Amino acid sequence: MKPPSRAAALCFNRTVQLGSVSDLASLESILDGENMVDVQAIESLALQTYQGFPATSRPETSANWARRIDTVDKLVVSRRLQTGGFFAPDVVPAPVAGAREVVEVLGLPVVHKPRVASGGMGLSIICTLENLESALSEGGNSDSYFFERHVDGRSLQIGGVVDGGGMGPVATCETVGRPAGRGPASQLLGLDDPELAETGRKLATHLGIEGLINVEVIRDADGRDWVHDVNPRVWGSFAAFRVVGVDFLGAYVDWLRGVPEANSRRGIQEETRIDVLPGAFLRRQPSESRVQVQARLTRAALPYLKWVGPRYVAYELAHNLKHR
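Notes on the structure follow. Predicted model, so just to flag it, every value in this text is computed and none were measured. (Residues numbered from 1 in each chain as written. Predicted model: local features only at pLDDT ≥ 70, side-chain atom pairs only at ≥ 80, totals over all residues. Heavy atoms only, no water.)

Helix and strand counts for the protein chain stand at eleven helices and ten strands. Across the 324 residues of the protein chain, 45% fall into the buried class. The contacts of the protein chain with a sequence gap of at least 6 include a subset with a gap of at least 24, amounting to 62%. (Helix = DSSP H or I, 4+ residues; strand = E, 2+ residues; numbered from the N terminus. Buried < 20%, exposed > 50% of the residue type's maximum accessible area, 1.4 Å probe, protein only. Contact = heavy atoms within 4.5 Å.)

Closest axis-to-axis distance for the helix α5 (residues 74-83)/helix α8 (residues 194-207) pair is 11 Å, and the angle between their directions is 110°. Judged by the angle between their axes, α5 and α8 are roughly perpendicular. The segment α5 lies against α8, with Val 77, Arg 80 and Leu 81 engaging Leu 203, His 206 and Leu 207. Looking at side-chain class alone, the contact of α5 with α8 contains four nonpolar, one polar and one charged residues. (Axes fitted to C-alpha atoms, helices over the stretch in contact; angles between N-to-C directions. Parallel < 35°, antiparallel > 145°, perpendicular 65-115°, else oblique. Nonpolar A, V, L, I, M, F, W, Y, C, P; charged D, E, K, R; others polar.)

Below, the discussion takes up empty space enclosed by the protein. Here the structure, examined in full by the defined rule, presents three cavities of 30 Å³ or more. If you trace the largest cavity, you find it lined by Thr 71, Lys 74, Val 77, Ser 78, Leu 81, Lys 113, Glu 148, Val 227, His 228, Asp 229 and Val 230. Of all the elements in the fold, those that place two or more residues in the lining of the largest cavity are α5 and β9 (225-231). Across the lining of the largest cavity, the residue classes tally to four nonpolar, three polar and four charged. (1 Å grid on protein atoms, 1.4 Å probe; cavity = no way out; pocket = protein on both sides within 12 Å on 5 of 7 lines; lining within 4 Å. Points joined across faces, edges and corners; volume = space filled by probe spheres on them.)

Let us now look at the sheet that holds strand β6 (residues 170-177). What the six strands build is an open sheet, ordered β9-β8-β5-β6-β7-β10; its pairing is antiparallel. Only two strands of the sheet have a single neighbouring strand rather than two, namely β9 and β10 (272-275). Going across the sheet, the axis of each strand differs from the next one's by a mean of 30°, ignoring polarity. Bridge analysis of strand β8 (residues 211-219) against β9 gives six bridges, and the strand direction is antiparallel. Its bridge partner being in β9, Val 215 is matched across the sheet by Val 230. (Pairing = 2+ DSSP bridges.)

This part takes up the packing of aromatic side chains. Aromatic ring pairs are defined here through the distance separating the ring centres and the angle between the ring planes. Inspection of every chain in the model, using the stated rule, returns eight aromatic pairs. A centroid spacing of 5.2 Å and a plane angle of 55° characterise the contact between Phe 87 and Trp 226, whose relative ring orientation is tilted. Placement of the pair is Phe 87 in the loop between α5 and β1 (91-93) and Trp 226 in strand β9, with a sequence separation of 139 residues. (Phe/Tyr/Trp six-rings, centres within 6.5 Å; stacked < 30°, edge-to-face > 60°.)

Our next topic: the nonpolar core. Counting residues in each nonpolar core, the largest one holds 28 residues, and the members touching the most others are Val 161, Leu 188, Phe 241, Phe 248, Leu 277 and Tyr 304. Looking at this core, the elements that each hand over two or more residues are β6, α9 (248-257), α10 (290-307) and α11 (310-323). Of all hydrophobic cores here, the second largest spans 21 residues; its members include Leu 196, Leu 203, Val 215 and Val 230. (Core = buried A, V, L, I, M, F, W, Y, C linked by side-chain atoms within 4.5 Å.)

Time to look at helix α4 (residues 59-69). Every buried residue belonging to α4 is among Thr 61, Ser 62, Asn 64, Trp 65 and Arg 68, and all of these are buried. Around the axis of α4, the buried residues are gathered within 160° of arc, so they sit on the same side. As for α4, its buried residues are in contact with α3 (43-52) and α9. (Arc of directions from axis to C-beta.)

Looking now at the pattern of salt bridges. Scanning all chains against the criterion turns up 17 salt bridges. Arg 68 is the salt-bridge partner of Asp 38, the closest N and O atoms lying 2.8 Å from each other. Taken together, the residues Asp 38 in the loop between α2 (27-30) and α3 and Arg 68 in helix α4 connect sequence positions 30 residues apart. Judged by relative accessible area, Arg 68 falls into the buried class, the value being 1%. Taking the shortest distance from any N to any O, the salt bridge between Glu 43 and Arg 233 comes out at 2.9 Å. Highlighted residues: Glu 43 in helix α3 and Arg 233 in the loop between β9 and α9, separated in sequence by 190 residues. (Salt bridge = Lys/Arg side-chain N within 4 Å of Asp/Glu carboxyl O.)

Function-wise, these values are silent; they only describe arrangement.
So, in structure tokens, the structure goes:
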């Protein structure tokens, strides 16, 4: 595995380098003596991570982590959502007999997705039969993949902190700026959409998820919201919502501590643009000097130094620049 970056060593109290993914099985001994209250893991490492230290936490915490493991497999989640009455695109699991089998059920274009991944890694939208046949012949016809019906529409997100009763602050948004492909968002459009937010709460309750959650949906021309991705973890732009009065970090800490204030249902009150630090402030206009760009970024970072701290600002700068 890659060694910890300099940014990670600077921003976190402790970093541990593992030799391989299999070393995650030793997390229980590595974290011996620590008071484990929660874990944030990307999907590709979630199963090994959560299974690495079941005995180091409180029983209720371990049960919550076990339920998160059930959401790692996107194919399984899709089926659970359909049986729960949510709109989820039809799917065909791989392997398949051939490309025509997929087209007969799902049509074209079709989405080809890994069952376990994060950040859109490995996902592709296939528009022709020839390209579909190529994807199958080039390793995409294993049981690590599935095919999903393509839904045309507006891509929206739900993010929040939820407890066992589906409470907690939940906000809805649309990504309207992303400077580096599928990298971190630079600008969001915050939406006042209580119905979509309530869908996120009901979905979390149905899947048994508690804590931080991020859900991606496609809203079609008829106004139906098709859920196509569920991530029971922190998402990249969660701190930016503090600018519009939604304090996910504070609510998350309250949830960890069992404080009732975490049950606030406040979300975004009106449609508004949200500039995400640091990506929204790094673009240099033709009339600007580097000094002016740096001054704008510094001004934008000042509230975050108070809200989250200098380590968060330093890490986000390093993370964003890496994607660029």
